[in-house]
Structure formats: structure tokens, C-alpha cells
Amino acid sequence: MKNTLLSLVAFTLLIGCSSPQNKTKTFKTSLPCADCDEIVSVLVLDDNGSFSLSDTYVKDTNQTFTKNGVYSVEGDIIIIPSDDETLRFKKDGENLNRLDFEGNLVEGEFRDNYNYKLSK
């Protein structure tokens, strides 16, 4: 009886230790800003489907706007829904490229600013 109880406890601990944990990935970039120095944008994706997107407008007094919710994935596109605008990000290796409103890669002088790099 004692051996059975010890085996049951050991098995329970083993199962508990091997259960998967939610993992998060954090991506960062610096977006251009017309009336401030920059917008520090941080996107956090949890493998359970939740996200947090915070944009900090860097100027005399920093102001941060945060959106939280559930994202979806269609192929290599991550979709961040919002009441005012839906954002799309295309996977690019470990990084993400934020797409324009038409679903295309951002072109032009500021295209590198829309590449969110995975923080390690």
C-alpha cells in the first residue's frame, strides 16, 4: 500500500512537471512619428492566442496606448483585431513585418521601422 501511494505521488509530480507552459514572444520596433521623437511599439504574443500591443509616444511626456485581446493566424499572417483598425503582421523568420492597410509590405523610406524584431 505504501509503495502504491509513493508511486502515485511520484507519477503525479512527473505529470505536473511535464505539462506544457504558455510561452510568450515579444517583438519590438521604433515607428516614425510626425509630432514626437519616435513611437516605441511592443507586441507580445502568447501561444494561447492572446496578445498585448503597446505604443509609447516618446516626447516630453511619454504616453502609452495599449491594446489587449486575442489574435488569429492565417498562414504566415498574424491578425490583431481592433475596433478602429485591424493590424496584420507577416512572419519573416523570427521577426514580423507589419503590413499596410491593404495587406502589403510597407515600402519606402520607413520600411525598416515596420520590422518588429524578436526580443531575446
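Scoring rules and cut-offs
Residues numbered from 1 in each chain as written. Predicted model: local features only at pLDDT ≥ 70, side-chain atom pairs only at ≥ 80, totals over all residues. Heavy atoms only, no water. Phe/Tyr/Trp six-rings, centres within 6.5 Å; stacked < 30°, edge-to-face > 60°. Helix = DSSP H or I, 4+ residues; strand = E, 2+ residues; numbered from the N terminus. pLDDT = per-residue confidence, 0-100. Contact = heavy atoms within 4.5 Å. Salt bridge = Lys/Arg side-chain N within 4 Å of Asp/Glu carboxyl O. Buried < 20%, exposed > 50% of the residue type's maximum accessible area, 1.4 Å probe, protein only. Core = buried A, V, L, I, M, F, W, Y, C linked by side-chain atoms within 4.5 Å.

1. What to know about the packing of aromatic side chains
Part 1: Under the definition given, this model contains two aromatic pairs.
Part 2: A centroid spacing of 5.6 Å and a plane angle of 90° characterise the contact between Tyr57 and Phe65, whose relative ring orientation is edge-to-face.
Part 3: When the centroid spacing of 5.1 Å and the interplanar angle of 90° are considered together, the rings of Phe89 and Tyr116 count as edge-to-face. Residue Phe89 is located in strand S7 (residues 87-92), and its partner Tyr116 is located in strand S9 (residues 115-118); the two are separated by 27 residues in the primary sequence.

2. Details of the confidence of the model for the protein chain
Segments scoring low in pLDDT should not have their predicted coordinates read at a detailed level.
Part 1: In this model, the protein chain carries an average pLDDT of 85, and 83% of its residues clear a pLDDT of 70 or more.
Part 2: Within the model, pLDDT remains below 50 along residues 1-19, and this stretch shows zero contacts once partners closer than five positions in the same chain are excluded.

3. Points about the pattern of salt bridges
Part 1: By the definition in use, this model includes one salt bridge.
Part 2: Residues Asp84 and Lys67 are paired through a salt bridge, measuring 3.6 Å at the closest nitrogen-oxygen approach. Of this pair, Asp84 sits in the loop between strand S6 (77-80) and S7 while Lys67 sits in strand S4 (residues 63-70), placing them 17 residues apart in sequence.
Part 3: Overall, the relative accessible area of 60% leaves Asp84 in the exposed class.

4. Quick word on the environment of Ser54
Part 1: Its location among the elements puts Ser54 in strand S3 (residues 50-58).
Part 2: Judged by its relative accessible area of 17%, Ser54 is buried.
Part 3: Separated by 26 residues in sequence, Ser54 and Lys28 have C-alpha atoms that sit 9.8 Å apart.
Part 4: Each residue touching Ser54, except ones within four places of it in the same chain, is listed here: Val40, Ser41, Val42, Thr64, Phe65 and Thr66.

5. Quick word on the nonpolar core
Part 1: The biggest cluster of nonpolar side chains holds 16 residues, and the ones touching the most others in it are Leu43, Leu45, Ile80, Phe89 and Leu96.
Part 2: Elements that contribute at least two residues to this core include exactly strand S1 (24-31), strand S2 (38-46), S3, S6 and S7.
Part 3: With three residues, S2 is the single largest residue contributor to this core.
Part 4: Those residues in contact with Leu43, other than ones at most four positions away along the chain, are Lys25, Thr26, Phe27, Phe51, Ser52, Leu53, Ile80, Phe89, Leu96 and Tyr116.

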